[in-house]
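# Structural description and commentary
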Amino acid sequence: MKIFISGPMTNNPNYKKKFFNTVNYLKKKFPKAIILNPAVFPEGLTDAEYMSIDLTMLKCCDIIYMLEGYENSKGASLEYHYAQYLNKKIIYQKDEK
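Presented here is a report on the structure given in the accompanying data block.

Here is what the cut-offs are and how they apply
Residues numbered from 1 in each chain as written. Predicted model: local features only at pLDDT ≥ 70, side-chain atom pairs only at ≥ 80, totals over all residues. Heavy atoms only, no water. Phe/Tyr/Trp six-rings, centres within 6.5 Å; stacked < 30°, edge-to-face > 60°. Buried < 20%, exposed > 50% of the residue type's maximum accessible area, 1.4 Å probe, protein only. Helix = DSSP H or I, 4+ residues; strand = E, 2+ residues; numbered from the N terminus. Lys NZ or Arg CZ within 6 Å of the ring centre and 35° of its normal.

### Side note on the packing of aromatic side chains
Within this structure, the stated rule accounts for seven aromatic pairs. With 6.4 Å between their ring centres and 15 degrees between their planes, Phe41 and Tyr50 make a pair best called stacked. On the accessibility criterion, Phe41 (16% relative accessible area) is buried. Here the aromatic rings of Tyr70 and Tyr92 are separated by 6.1 Å at their centres, their planes lie at 35 degrees, and the arrangement is tilted. Linking Tyr70 in the loop between strand E3 (63-66) and helix H3 (74-85) with Tyr92 in strand E4 (residues 89-92), this pair joins segments that are 22 residues apart in sequence. An aromatic cluster is present here, built from Tyr70, Tyr80 and Tyr92 joined pairwise through their rings. The lysine or arginine in question, Lys94, covers the ring of Tyr92, its NZ or CZ lying 5.8 Å from the ring centre.

Given below as structure tokens:
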């Protein structure tokens, strides 16, 4: 099983910490899963370049894990709709609490 993490990054100075905490949470919940974390990419790419990588990673996954606030992020919203298009299983962080 492969899980892609999606959530707001732009204008969120703590996004890396939130994504890495989510990786740790998902590893405990799904110990055999491969977690794909887009927060590990180097800085300096354009938004379009980041999205190209994200959508390619998402295609390889079975599940997308939507962090709270994804609705307010252009990129995460696009990932969400693409996951729906690909019939991926969607898990929402807000439902996990």
